[in-house]
Amino acid sequence: MQPHQTEFLEHALRLGVLRFGRFTLKSGRDSPYFFNAGLFDTGGAIAGLGRAYAAALGRAGLGYDMLFGPAYKGIPLVTATAAALAEHHGRDVPYAFNRKEAKDHGEGGRIVGRRLAGRVLIVDDVITAGTAIRESLEIIAAAGATPAGVLLALDREERGRDSPQSAVQELRQQSGLPVVAILTLTELIAGIEAGAAGVGPQALADLKAYRAQYGAAANAG
């Protein structure tokens, strides 16, 4: 666990963004944990998330020229990340996000912020079905820009319903793009084993059992 990962985990636990119990996912699976990035809902909360994104990005060493956030959740995420890069890493990079529907007045179009150009890094929270990422790739390609990779808050490392691979693994394989996460499920478990505040032994045991049952091929066990 890197310092930014430990800080992010503690931040998510303190705010209730990361919770343990029993949660039914869209896939129908009963998960022992749930991550809700929508609960980074104050200035301080989203600023902390932005710092974690920026730290993960800096450590990954990816090359990029600008950031893109897919509507709607990606809008505050990309904004916070761009602000943190400027304030804490000395990188004042442009960013943009899309509208769900094209604007037919004023400046028009679907893109808000800087015109998409060069190497564009996508910022999102998690990948489930991958729909938002695929749409983002189409938007970037249509603008004549080049996707540089994907930056996530959490990689659940969980296989799909019809695939032994996780959504992240499938994206890497199909697109050839690097995917960076602030935290993976493996690292989450390691953080709890190291004594993450307020997380008991039952939650840890449940996480390990869930990973053994649903973990993607390279992450199960």
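Right above here is the structure, for reference.
Residues numbered from 1 in each chain as written. Predicted model: local features only at pLDDT ≥ 70, side-chain atom pairs only at ≥ 80, totals over all residues. Heavy atoms only, no water.

### What to know about the pattern of salt bridges
Piece 1. Counting across every chain of the model gives seven salt bridges.
Piece 2. Taking the shortest distance from any N to any O, the salt bridge between Arg119 and Asp65 comes out at 3.1 Å. Remark: Asp65 occurs in the loop between helix H2 (43-60) and strand S3 (66-69) and Arg119 occurs in strand S6 (residues 119-123); sequence separation between them is 54 residues.
Piece 3. With a closest N to O distance of 2.6 Å, Glu193 and Lys208 form a salt bridge. Of this pair, Glu193 sits in helix H6 (residues 185-193) while Lys208 sits in helix H7 (residues 201-214), and the two are 15 residues apart along the sequence.
Piece 4. Assessed through its relative accessible area of 33%, Lys208 is described here as partly exposed. (Salt bridge = Lys/Arg side-chain N within 4 Å of Asp/Glu carboxyl O. Helix = DSSP H or I, 4+ residues; strand = E, 2+ residues; numbered from the N terminus. Buried < 20%, exposed > 50% of the residue type's maximum accessible area, 1.4 Å probe, protein only.)

### Quick notes on the side chain of Gln5
Piece 1. In this fold, Gln5 is placed in helix H1 (residues 3-15).
Piece 2. Excluding residues that lie within four positions of it along the chain, Gln5 makes contacts with Ile182, Leu183 and Glu187. (Contact = heavy atoms within 4.5 Å.)

### Some remarks on the packing of H1 against H2
Piece 1. Axis separation between H1 and H2 bottoms out at 10 Å; the angle between their running directions is 155°. Of the possible angle classes, the one that applies to H1 and H2 is roughly antiparallel. Along this stretch, H1 crosses H2, giving a crossing that reads as left-handed. Along its contact with H1, which presents His4, Glu7, Phe8, His11 and Leu15, the element H2 presents Gly44, Ala45, Gly48, Leu49, Arg51, Ala52, Ala55, Ala56 and Arg59. (Axes fitted to C-alpha atoms, helices over the stretch in contact; angles between N-to-C directions. Parallel < 35°, antiparallel > 145°, perpendicular 65-115°, else oblique. Left-handed = near helix turned anticlockwise from the far one by under 90°.)

### Some details on the packing of H2 against helix H3 (residues 74-89)
Piece 1. H3 packs onto H2 with a crossing angle of 70° between their chain directions and a minimal axis gap of 7 Å. What the angle tells us is that H2 and H3 run roughly perpendicular. Where H2 crosses over H3, the handedness of that crossing is right-handed. Two secondary-structure elements touch here, H2 through Ile46, Leu49, Gly50, Arg51, Tyr53, Ala54, Ala55 and Leu57 and H3 through Pro76, Leu77, Ala80, Thr81, Ala84, Leu85, His88 and His89.

### A closer look at unusual backbone geometry
Peptide bonds are mostly trans, and most non-glycine residues show a negative phi.
Piece 1. With an omega dihedral of 0°, the bond running from Ala71 to Tyr72 counts as a cis peptide bond.
Piece 2. For Tyr72, the location among the structural elements is in the loop between S3 and H3.
Piece 3. Residues other than glycine seldom take positive phi values, yet Glu157 does so here, at roughly 50°.
Piece 4. Mapping Glu157 onto the fold places it in the loop between strand S7 (146-155) and helix H5 (167-175).

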